[in-house]
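The lines below spell out each chain.
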Amino acid sequence: MAFVKLGSKSEAFRREGQAWHCTSGLPSDVTIEIGEMSFYLHKFPLISRSGLLAKLIKESSNDDGSVCVLQLSDIPGGAKAFEPVAKFCYGVKIELTPLNIVSLRCASEYLQMTEETGDGNLITQTEVFLNDVFGNWTDTIKALETCEEVLPHAEELHIVSRCINSLAMKACTDTKLFNWPVSENSQEGSTGADIWNGISAEKRTQPLTDDWWYEDVSFLSLPLYKRLIQAVEAGGMRPENIAGALVFYAKKYIPLMNRQASFKDATSHTKSGSTISTPSEADQRVLLEEIMELLPNQKGVTETRFLLRLLRTAMMLQASPSCRENLERRVGLQLDQAALDDVLIPNMGYSVETLYDIDCFQRILDHFMSIDQASSAPSPCFMEENQLMEGSLPLTSLTRVSNLVDSYLAEVAPDVNFKFPKFQSLAATIPDFARPLSDGIYRAIDIYLKAHPWLTDSEREQICRLMNCQKLSLEACTHAAQNERLPLRVIVQVLFFEQLRLRTSISGWFFVSDNLDNSQSSLRGGNRDTNTANGMGSSIDDVRERVAELEKECNSMKQEFKKVVKTKKRWNVFCGKKSQCDLNTVKPCKIQPPPVNEHKNHKKGDSN
């Protein structure tokens, strides 16, 4: 920390309780009262340095030679700042440091300690040292913190703005230009000389990262911190760095940000092990709303997890509706980056029914859909199961959100107070083309039906229309075919589409098998390499094995179909007299491929 010594005389003051006395031996003829503190001084040293004191002493002096008493209760810095000022007037040694320079500069201005009054006066001395302070990162932060004590006067002298501009300029400087430690903590134990920006010349080991300044400025009060953030933004700092600094500041002064949101958090706000006094809920609410306004608007700059934590905390602290609405909009802007645990926001009120705030998630989802839906292109409605494997299709933002919504529905479905219209509305927000697979929504529907057995047949039909039976995987189809909670019509659809898929797959295998037979004949006729022909023969055997497996699966589906027909008691719903439909005539397609052992001798014309 930088310092400058002024004066040459030894200490000439002593303190007795609430009074300071000059020990020069001459009786005091001026008493200056500042609050409860009294200074017993002499006229001549004060008049030779302070224009204000000279004026006040002249106005209050009496011809009878009585002691002059002056009231300076409004001097910047109070008695603490006037003590070194008085010593300076007597030529006693004092020390200028970043911790007292601001108050001394303001006090000297108040007392009119200009060069016209005396050469080398205190205004000039403090101004020169201030310029040195502004060249050092750590000293500038300390000086800026002390501005709180004399804020109106420091603002009038532009000390606050000069500190902030100095810090902003250094924070915006490319860290590649100086890869040395900057923060005060990194200089502990250093014996080297300090150079520009508070950098120790003997420590040049670790390169700086973009977040090197976050902790140093986090000790500033909210008004000063807000002005600093605005200054670095005007200085061209990247939005990601600004967002990172605000996240650091919020986590430090809003204890609820560091907790997992729960009902317990709504009533218990004590943060154990904290070295910083916990702010009141009113202060935290003001801080949260200010940080919300300072966060950059660009998508992806602020982590979605942080925004959701901020939203939870805003609900706990009962922030303004505009603040919560703004947070919901920002989360919706990048909902595709959210995780399930983060969107499970508990209800904070006492009169709510559901465990989680489903309405809030619906609003967030609506914000996302209003932005993303226009740019989303529909996908084919029917795809083979192997095309739906993870990694085979690019996961667009809409697809990621559809998976998130399905997982969310499955998580909140067991809540018995989760009303059917809300479930239907939330699930229907995602269009069908955004779900490559319907397994997620099927799982959510199944859990919801299990937790709500009182749903009517009509409601069960409506909720099952939310999933596309053609997009169920084989495992999901097998489960659905045996699921007694599903309406019978849905089970029939599942069986039908699964057989259709098997039929299409088997037909494709036969087509490949015939082509491989022809290829093998061509290879033999053309005297191709024997090893290649053997490889083709092996591939044909693999194809036939796969066909046999598919036949077994098809037969298994037939048995399931017959079982459903026998066990369902409400079969007549689909076999009314008006429809003239006999389900006994609906049979799974029969596929009769050539015998496996004789297929090798068949030609292409005989394979059918």
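See the structure shown above.
Residues numbered from 1 in each chain as written. Predicted model: local features only at pLDDT ≥ 70, side-chain atom pairs only at ≥ 80, totals over all residues. Heavy atoms only, no water.

Asks: An account of the overall build of the protein is needed here, citing residue identities and associated values.
Replies: Regarding its fold elements, the protein presents 23 helices and 9 strands. The 608 residues of the protein split such that 45% are buried. A separation of at least 24 residues holds for 71% of the contacts in the protein among residues at least 6 apart in sequence. As presented, the protein carries roughly 31700 Å² of accessible surface, and 50% of it is formed by carbon and sulfur atoms. (Helix = DSSP H or I, 4+ residues; strand = E, 2+ residues; numbered from the N terminus. Buried < 20%, exposed > 50% of the residue type's maximum accessible area, 1.4 Å probe, protein only. Contact = heavy atoms within 4.5 Å. Areas by Shrake-Rupley, 256 points an atom, 1.4 Å probe, with all protein chains shown as cover.)

Asks: Give me the lowdown on the environment of Met 348, citing residues and values where you can.
Replies: Mapped onto the secondary structure, Met 348 falls in the loop between helix H15 (340–343) and helix H16 (358–372). Distance in space between the C-alpha atoms of Met 348 and Arg 312 is 8.9 Å, their sequence separation being 36 residues.

Asks: Tell me about the environment of Phe 39, and please be specific about residues and values.
Replies: In this structure, Phe 39 sits in strand E5 (residues 37–41). With 47 residues separating them along the chain, Phe 39 and Ala 86 place their C-alpha atoms 8.8 Å apart. Every residue in contact with Phe 39, bar those within four places of it in the chain, is listed here: Trp 20, Val 30, Thr 31, Ile 32, Ile 34, Ala 79, Phe 82 and Glu 83.

Asks: Can you lay out the pattern of salt bridges for me, pointing to particular residues and giving the numbers?
Replies: One pass over the structure, following the stated rule, counts 16 salt bridges. Glu 109 is the partner of Arg 105 in a salt bridge, and the nearest nitrogen-oxygen pair spans 2.9 Å. Of the two residues, Arg 105 and Glu 109 are both situated in helix H4 (residues 101–110); the distance of 4 residues between them amounts to about one turn of the helix. Here Glu 240 makes a salt bridge to Arg 238, at a shortest N to O gap of 3.6 Å. Bridged by salt links that share partners, the residues Arg 105, Glu 109, Glu 127 and Arg 162 form one connected network. (Salt bridge = Lys/Arg side-chain N within 4 Å of Asp/Glu carboxyl O.)

Asks: Kindly report on empty space enclosed by the protein, identifying the contributing residues and their values.
Replies: One simple way to see leftover space: roll a probe sized like a water molecule over the atoms. A full pass over the atoms with the stated rule returns 2 cavities of 30 Å³ or more. Estimated volume of the largest cavity: approximately 50 Å³. In terms of lining residues, the largest cavity is bounded by Pro 296, Asn 297, Gln 298, Lys 299, Thr 302, Leu 307, Arg 330, Leu 333 and Gln 334. When grouped by side-chain class, the residues that make up the lining of the largest cavity number 3 nonpolar, 4 polar and 2 charged. (1 Å grid on protein atoms, 1.4 Å probe; cavity = no way out; pocket = protein on both sides within 12 Å on 5 of 7 lines; lining within 4 Å. Points joined across faces, edges and corners; volume = space filled by probe spheres on them. Nonpolar A, V, L, I, M, F, W, Y, C, P; charged D, E, K, R; others polar.)

That is the geometry; function is a separate question.
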